[in-house]
Structures are given as structure tokens and as C-alpha cells.
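Structural description and commentary
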Amino acid sequence: FSSMSLHFGGQKLNSLPSIPQETRELNATDNKLVVLDSIPRSLWKLFVGQNKLNDVSAVGGLKRLEVLDLSYNVLEDHSLSSLWGLSRLAQLKLGGNRIVSLA
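The present account deals with the structure reproduced in this document. (Residues numbered from 1 in each chain as written. Predicted model: local features only at pLDDT ≥ 70, side-chain atom pairs only at ≥ 80, totals over all residues. Heavy atoms only, no water.)

Attention now goes to the environment of leucine 43. Among the structural elements, leucine 43 can be located in the loop between strand S2 (23–27) and strand S3 (45–47). Residues leucine 43 and glutamine 21, 22 residues apart in the sequence, show an inter-C-alpha distance of 8.5 Å. The contacts of leucine 43, once residues within four sequence positions are left out, are Thr23, Arg24, Glu25, Leu26, Leu62, Arg64 and Leu65. (Helix = DSSP H or I, 4+ residues; strand = E, 2+ residues; numbered from the N terminus. Contact = heavy atoms within 4.5 Å.)

Have a look at this one:
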């Protein structure tokens, strides 16, 4: 069983390149991503802090996700509703966003 990790940090990407379905960890920190698309459902760890994300609805389909870093983006309260179904999530970083309440 593969434990493939991909790192695209600090590359000024506006969108993610094609990511193999067997990828378990993806680090795309410090880019210019606005939305996440085409991310494999196999991910266990996703690091996308320091981007310009305002929509993370695609993350809701990542049922295996255990670690998620969304810090320092432009997320607001309503942007997070897709995350509530992530039952395996053990670590969530949201600092540096426009979030007022998680209720």
C-alpha cells in the first residue's frame, strides 16, 4: 500500500496539477489557490495553508482525511459546512481566516 506524498509548496500555483489517485499526503502550502478541485479522495493529509482559498467544498468528499491545514486563506464561516462530515479528522487548522463562529 502506497504512502505517496506530493509537495507543491511555494510555487505560486493558481491551480493544482493532476494528482495521482493513490496520493495520501498533499502539501500545496504558500501558493495562490482560490479553489480546490480534482483532489483525490485517497488523501489522509492535506496542507493548503497560505493560499487564497474561499471555497473548500471539494474537501467534504475526502472521507479518509485525518489532518487538514486551511490556515491563512480567505475562508468565512459559511465556507466550512462541507467539513462537518469528515469523521476521521483529528487535526484542523483554521487560524488566519475570516471565521467568526464555528456554530
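Pairing between the strands of a sheet comes from backbone hydrogen bonds, and it takes one of two forms, parallel or antiparallel. Strands sit in the order S1-S2-S3-S4-S5 across an open sheet of 5 strands; the sheet is parallel. Of all the strands in the sheet, just strand S1 (4–7) and strand S5 (91–93) have a single pairing partner and so form its edges. Along the sheet, successive strands turn relative to each other by an average axial angle of 10°, direction set aside. With 3 bridges connecting them, strand S4 (residues 67–69) and S5 associate as parallel partners. Across the sheet, residue aspartate 69 finds its bridge partner in S5, namely lysine 93. (Pairing = 2+ DSSP bridges. Axes fitted to C-alpha atoms, helices over the stretch in contact; angles between N-to-C directions.)

Another aspect to go through is the environment of glycine 96. Following the sequence through the fold, glycine 96 ends up in the segment after S5. For the pair glycine 96 and leucine 70, spaced 26 residues apart in the sequence, the C-alpha separation amounts to 8.9 Å. Look past the residues within four positions of glycine 96 in its chain and what remains in contact with it is Tyr72 and Asn73.

This part is about the side chain of asparagine 31. Position of asparagine 31 among the secondary structure elements: in the loop between S2 and S3. Of note is the side chain of asparagine 31, whose polar atom sits 3.0 Å from the backbone oxygen of alanine 28. When near neighbours in sequence (up to four residues on either side) are disregarded, asparagine 31 contacts Phe8, Gly9, Gly10, Gln11, Lys12, Leu13, Gln50 and Asn51. (Polar contact = N/O pair within 3.5 Å; in protein donor to acceptor, adjacent residues only side chain to side chain.)

The next subject is the pairing of S2. Residues in a regular strand project their side chains so that they alternate between the two faces of the sheet. Taking burial as the measure, the 5 residues of S2 include 5 buried ones, the bulk of the element. Pairing of S1 with S2, which is carried by 4 bridges, proceeds in the parallel orientation. Residue histidine 7 lies in a different strand from S2, and its bridge partner there is asparagine 27. Bridge count for S2 against S3 is 3 bridges, and the pairing is parallel. Along S3, the bridge assignment pairs asparagine 27 with phenylalanine 47. (Buried < 20%, exposed > 50% of the residue type's maximum accessible area, 1.4 Å probe, protein only.)

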